[in-house]
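Fold and contact review
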Amino acid sequence: MTADRTTSPRTATRRRLIAGAALLPLLALAACGYGSDKKSDTTGAAAASGSTKKLSASTVKIGYFANLTHATALVGLAKNGPIRQELGSTKVSTAVFNAGPAEIEALNAGSIDIGWIGPSPSINGYVKSGGKSLKIVGGSASGGVKLVVNPNKIKSLKDIKGKKIATPQLGNTQDVAFLNWIADQGWNVDATTGKGDVSVVRTDNKITPDAYKAGSIDGAWVPEPTASKLVAEGAKVLLDESSLWKDGKFVITNVIVSQKFLSAHPDVVKAVLQGSVNTNVWINANSDKAKAIANSELATLSGKALPANVIDPAWKSISFTDDPLASTLKTEADHAVKAGLLDKPDLSGIYDLSILNKVLKADGKSQISDAGLGS
């Protein structure tokens, strides 16, 4: 593990700029369709900033989703963004994914080294590899998930019974949460087929709004900005998932790394985590500017920016945090077991927060717990 950096005047100045800087220049990502797995190879921040910082890897491959819940990556990897600044002359190759399983496959294949991803695919990837594929090394976001419904068909939560409700994918984070909520109502649904007292319709987020408009679904348990897109089409928010969790907090996005890359390049992982921490500081201090950057990045990926009536409510429902909220991941694993989607997992060692906690300590911040699931 590399030693902690001392805080030089240059570093202190940079951190002050991150916390109160003007709008970051936008990253001109290579064109790729919304939700595609296509890589976008771009240089690090060195060319623009003149940084000569040298790390142990010449390139780092980073994956994330074109979702607002991945705004730390969207903002931090923008041109001259905090993550790129910390990486110095190390080049960044990005890959955008639509679903967690595809990102886990890419991590296992070495196509990416580090990723922003939800808790359920993190758990599945770790368990299926016998604890050898990945580590969760940091947090990124909490919240941003809602149950939205057709108000003409569903007036209250009890009206969900007998209706068709979409989730993004079998076994994904929102799918598990919805199945658990259904079970808590005393209703029965076959987790694999989605059939039962409620019809769970697994639908890709990018086509869920069209499915809603066509009447093929009556609502959806989905992350932002999909939830707010549906509301813009006339749906109403029936339940915010944060209301089901203690203190309203639950993990929606983690930072993971392949164990092979972590072992070979801990200094690069540290740089990414320092950049992620700096990005979250900047986002929380400059919410409107950060929202504008994230929207511009989404526009690059999808070809169209989100309108104000979608991005404004979506952004407000997400909290950006360095804490991976480990105790909530453990609870989400229990939910997957209860739904029959996962055998009782051994999650011992799924977290390695040692580098993150070194970064936080150097920044004068409190240490973060791994809820007993650390290395």
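Placed above this text is the structure.
Before going into details, it helps to say that this report is about the structure given with it. (Residues numbered from 1 in each chain as written. Predicted model: local features only at pLDDT ≥ 70, side-chain atom pairs only at ≥ 80, totals over all residues. Heavy atoms only, no water.)

A look at unusual backbone geometry
A negative phi angle is the norm for most residues apart from glycine, just as the trans form is the norm for most peptide bonds. To keep things clear, this is the line we draw: In this description a helix means any DSSP run of H or I spanning at least four residues, a strand means any run of E spanning at least two, and both kinds are numbered starting from the N terminus.
The step from Glu224 to Pro225 runs through a cis peptide bond, and the omega angle for that step is 10°. Residue placement: Pro225 occurs in the loop between β9 (219–223) and α9 (226–232). Even without being glycine, Asp247 reaches a positive phi, approximately 60°. Mapped onto the elements of the fold, Asp247 is located in the loop between β10 (236–240) and β11 (251–258). Its identity as a non-glycine residue notwithstanding, Leu325 has a phi of 50°, on the positive side.

A closer look at the pattern of salt bridges
Keep this limit in mind: What makes a salt bridge here is a side-chain nitrogen of Lys or Arg within 4 Å of a carboxyl oxygen of Asp or Glu, nothing more. Summary of the burial criterion: residues with accessible area below 20% of their type's maximum are buried, those above 50% are exposed, and those between are partly exposed, where the area comes from a 1.4 Å probe applied to protein chains only.
Applying the stated criterion across every chain yields a total of 8 salt bridges. Of the charged contacts, one joins Asp184 and Lys338 as a salt bridge, the two residues approaching to 3.1 Å between their closest N and O atoms. Of this pair, Asp184 sits in helix α7 (residues 173–184) while Lys338 sits in helix α14 (residues 326–338), and the two are 154 residues apart along the sequence. For Lys338, a relative accessible area of 48% translates into the label partly exposed. Residues Lys291 and Asp312 are paired through a salt bridge, measuring 2.7 Å at the closest nitrogen-oxygen approach. Of this pair, Lys291 sits in helix α12 (residues 287–302) while Asp312 sits in helix α13 (residues 308–316), placing them 21 residues apart in sequence. Judged by its relative accessible area of 15%, Lys291 is buried.

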